[in-house]
Amino acid sequence: KMKKVFIAIVLISSLFTACKETAKSKESEKNITENAEQAEKVKAPTTSAICLLDKLSIRETPSSKGKWITSMSLGEKVAFTGEEITDSKSKKQYYKVKLTDGKEGWARATFLAVNGKVGAMLEAASVYKRPDLLTKTEKKYSVMDIIAVTEIQGDWMKVKGKRAEGEYVEEGWIKSSNITNDEIDIATAKFASSAIKKSTMTERIKALQEVIGNPDLSSSKFVNIIEGKIKDYESRNKEIDVKDVKVEEEPKS
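Conventions adopted
Residues numbered from 1 in each chain as written. Predicted model: local features only at pLDDT ≥ 70, side-chain atom pairs only at ≥ 80, totals over all residues. Heavy atoms only, no water. Core = buried A, V, L, I, M, F, W, Y, C linked by side-chain atoms within 4.5 Å. Buried < 20%, exposed > 50% of the residue type's maximum accessible area, 1.4 Å probe, protein only. Helix = DSSP H or I, 4+ residues; strand = E, 2+ residues; numbered from the N terminus. Contact = heavy atoms within 4.5 Å. Salt bridge = Lys/Arg side-chain N within 4 Å of Asp/Glu carboxyl O. Axes fitted to C-alpha atoms, helices over the stretch in contact; angles between N-to-C directions. Parallel < 35°, antiparallel > 145°, perpendicular 65-115°, else oblique. Left-handed = near helix turned anticlockwise from the far one by under 90°. Nonpolar A, V, L, I, M, F, W, Y, C, P; charged D, E, K, R; others polar.

Let's shift gears to the nonpolar core. Counting residues in hydrophobic clusters, the biggest one holds 37 residues, and the most contacted among them are Leu56, Met72, Leu112, Leu208 and Ile226. Here this core takes 5 residues from helix α3 (residues 201–212), the largest share from any one element. Beyond its immediate chain neighbours, meaning those up to four positions away, Ile226 contacts Met144, Thr188, Ala192, Leu208, Val211 and Ile212. If you look at the next biggest cluster of nonpolar residues, it comprises 10 residues, including Tyr141, Ile147, Ile174 and Ile179.

Before going further, it helps to examine the pattern of salt bridges. Evaluated as defined, the whole model comprises 8 salt bridges. With its nearest N and O atoms 2.9 Å apart, the salt bridge here joins Arg163 to Glu170. Per residue, the accessibility class of Arg163 equals that of Glu170, and both read buried. Because the salt bridges share partners, they merge into one network encompassing Glu83, Lys96 and Glu104.

Here we take up the packing of helix α2 (residues 183–196) against α3. Axis separation between α2 and α3 bottoms out at 8 Å; the angle between their running directions is 170°. In terms of orientation, α2 lies roughly antiparallel with respect to α3. Here α2 runs over α3; the crossing is right-handed. Contacts from Thr188, Phe191, Ala192, Ala195 and Ile196 of α2 reach α3 at Arg204, Ala207, Leu208 and Val211. Residues belonging to the contact of α2 with α3 are distributed by class as follows: 7 nonpolar, 1 polar and 1 charged.

Shown next, in the form of structure tokens:
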């Protein structure tokens, strides 16, 4: 009889322990689920990035063949989500970005300056390899070139951007006194640079006149420079006198 009682006690104890472990397991699973849900609600911190190429494409996938979503403007500030992928075929790196209108997609990393601060060149500036006067190069940034400042050391700034006379996005050091961070100056520089690329003098003059005629840009430090360019273009945009042009006659049949 005592043996039966002992067995019963052992069985009850085992059953109690099993129930207790099951309860703990369920509580643990609940905590894991809650933590996962909480993690989903908390988005990864984002940093800013500056677009260094006008009309830079944003695509659904990190590939040049990805579906096109929209494009970015030179100097535009976007959010970098922290996600980056290198295309296995092209070996090109892509960053995932989010625009101010909420659109998200992938863009070429080469043309973005993460944690950069957008600026425009107030005057022509020599480019240095390092923040040292002895490292001067033959390269120069031109007035109204738009760049991103990525680092500051004293009165030196490390910048990234495409020079008016360059072919690619480059990095280098310049003196900080040569840069303006005013958003009106940056917008004016962007529109003026596009105007200067027009194919004919007449088109350039018209486009530049529209820039300085925009009341939202009237306080820009570049207005006088643009007015000077307009006068220069006008002086070179003379109508051709037909008397000075030799017209070839059609051969007689």
